[in-house]
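In case you want the letters, here they are:
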Amino acid sequence: MRIVGIVQARMGSTRLRGKVLRELRGRSVLGWVVRAVREADAVDDLVVATTTEAADDAVAAECRRLGVPCHRGPVDDVLTRFTQALAGRPGDAVMRFTADCPLLDPAVIREAALVYRAVPGLDYLSTGLTGTLPRGTDVEIVGAAALGRADREATGYHRTHVTSYVYAEPGAARLLGLAYQPSAGDLRVTLDTEDDWRLISAVADGLGDRCVPVRELVSWLRARPEVCALNAHVRQKELQDA
């Protein structure tokens, strides 16, 4: 069972342009994501999927600096970008990451991969299905066949969100959600706004330049309601609005 990790990254975020290359404790946000995936040692290959836009020349340059392959494809049709990135790379499944989640826990990445490999016939696995982890620490894996079906059938916003067609229109697909306790789905550590940046910066300043276990992250945040309040008002875009 070969799992290919694909990190989607681009400079043209509508709410916070250039966020993936912001410097956080001496390394780019993208660099934090790549480090977490590498520390997990759970994927057989890793590639960053960015766009063909000139602004994303900077993403390609950062990939070279980090020593990670980079594929460049469509801007809004991210699903096609993923299938293109997977082409030519032997893989039975894709672990999808977004480059605006610098606080990923390598242990969660590793656990998701172990479970996916251990359960025969799974088409999709995600911690997001249960909503028990802070937004920005979730992990998802989609089978290559399910991803191919989505690429053939999905339209509209499903092509932007890559995997949403698989779990929104599963058909006969087998889905599995991983739950973690204590539940912390109300917390937000993904990077979409300046207020998100303030919170993530506070976490990095408080816990250092390292991959933090999600339980430690949640405990640290729970003990600091003033930090949680920094982005408590930020609402995640609905699928159809992205």
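One can find the structure itself at the top, above this paragraph.
A. Layout of the overall build of the protein chain. If you tally the helices and strands in the protein chain, you get 10 helices and 9 strands. Here the protein chain has a C-alpha radius of gyration of 17 Å; the compact-globule value for 242 residues is 18 Å, and the two agree. Overall, the protein chain is about 45 × 40 × 35 Å in size when its C-alpha atoms are taken along their principal axes. Burial status across the protein chain gives 53% buried among its 242 residues. A sequence separation of at least 24 residues applies to 71% of the contacts in the protein chain between residues at least 6 apart. Accessible surface, the protein chain: about 10200 Å² in total, of which carbon and sulfur atoms supply 49%. Averaged over its 31 positive side-chain charges, the protein chain has a centre that lies 1 Å from the centre of its 32 negative ones.

B. Representation of helix 5 (residues 144-153) in the model. Listed in full, the buried residues belonging to helix 5 are Ala146, Leu147, Arg149 and Ala150. Take helix 5 and look down its axis: the buried residues cluster within an arc of 160°, on one side only. With respect to the buried face of helix 5, the exposed residues turned more than 90 degrees away are Ala145 and Arg152. Taken together, the buried residues of helix 5 touch helix 3 (78-86), strand 6 (93-98), strand 8 (140-143), helix 6 (157-161) and helix 7 (164-168).

C. Quick look at the sheet that holds strand 5 (residues 70-73). What the 7 strands build is an open sheet, ordered 5-4-1-6-8-7-9; its pairing is mixed. Sheet topology places strand 5 and strand 9 (175-177) at the edges, where each strand pairs with a single neighbour. Sheet twist, expressed as the average angle between the axes of neighbouring strands with direction ignored, equals 20°. Across 4 bridges, strand 4 (residues 45-51) lies against strand 5 in parallel orientation.

D. Here's a closer look at the packing of helix 1 (residues 29-40) against helix 2 (residues 57-66). Relative orientation of the contacting elements helix 1 and helix 2 amounts to 40°, with a least axis distance of 11 Å. Comparing their axes, helix 2 and helix 1 come out oblique. For helix 1 against helix 2, the interelement crossing comes out right-handed. Between helix 1 and helix 2, the residues in contact are Leu30, Gly31, Val34 and Arg38 and Val59, Glu62, Cys63 and Leu66, respectively. Each residue belonging to the contact of helix 1 with helix 2 can be placed in one class, and the counts come to 5 nonpolar, 1 polar and 2 charged.

E. View of the pattern of salt bridges. One pass over the full model with this rule turns up 20 salt bridges. We note a salt bridge from lysine 19 to aspartate 192, for which the minimum N-O separation is 2.7 Å. Separated by 173 residues along the polypeptide, lysine 19 in the loop between strand 1 (3-8) and strand 2 (23-24) and aspartate 192 in the loop between strand 9 and helix 8 (194-207) bring together distant segments of the chain. By relative accessible area, which is 10% here, aspartate 192 ends up buried. The partner of arginine 159 in a salt bridge is aspartate 77, and the shortest N-O contact between them spans 2.9 Å. Linking arginine 159 in helix 6 with aspartate 77 in the loop between strand 5 and helix 3, this pair joins segments that are 82 residues apart in sequence. With relative accessibility at 23%, the residue aspartate 77 sits in the partly exposed group.

F. Structural view of the nonpolar core. Residues Leu30, Met95, Ile109 and Leu221 are the most contacted members of the largest nonpolar core, which totals 61 residues. With 8 residues, the top contributor of residues to this core is helix 1. Setting aside anything within four residues of it in sequence, one finds leucine 30 in contact with Val7, Ala9, Val20, Leu21, Val48, Val59, Glu62, Cys63, Leu66 and Ala99. Ile6, Phe82, Tyr165 and Val166 belong to the second-largest nonpolar core, a separate cluster that totals 19 residues.

So, how was this worked out
- Residues numbered from 1 in each chain as written.
- Predicted model: local features only at pLDDT ≥ 70, side-chain atom pairs only at ≥ 80, totals over all residues.
- Heavy atoms only, no water.
- Helix = DSSP H or I, 4+ residues; strand = E, 2+ residues; numbered from the N terminus.
- Rg over C-alpha atoms; globule rule 2.2 N^0.38 Å.
- Buried < 20%, exposed > 50% of the residue type's maximum accessible area, 1.4 Å probe, protein only.
- Contact = heavy atoms within 4.5 Å.
- Areas by Shrake-Rupley, 256 points an atom, 1.4 Å probe, with all protein chains shown as cover.
- Lys, Arg positive; Asp, Glu negative; His and termini not counted.
- Charge placed at Lys NZ, Arg CZ, Asp CG, Glu CD.
- Arc of directions from axis to C-beta.
- Pairing = 2+ DSSP bridges.
- Axes fitted to C-alpha atoms, helices over the stretch in contact; angles between N-to-C directions.
- Parallel < 35°, antiparallel > 145°, perpendicular 65-115°, else oblique.
- Left-handed = near helix turned anticlockwise from the far one by under 90°.
- Nonpolar A, V, L, I, M, F, W, Y, C, P; charged D, E, K, R; others polar.
- Salt bridge = Lys/Arg side-chain N within 4 Å of Asp/Glu carboxyl O.
- Core = buried A, V, L, I, M, F, W, Y, C linked by side-chain atoms within 4.5 Å.

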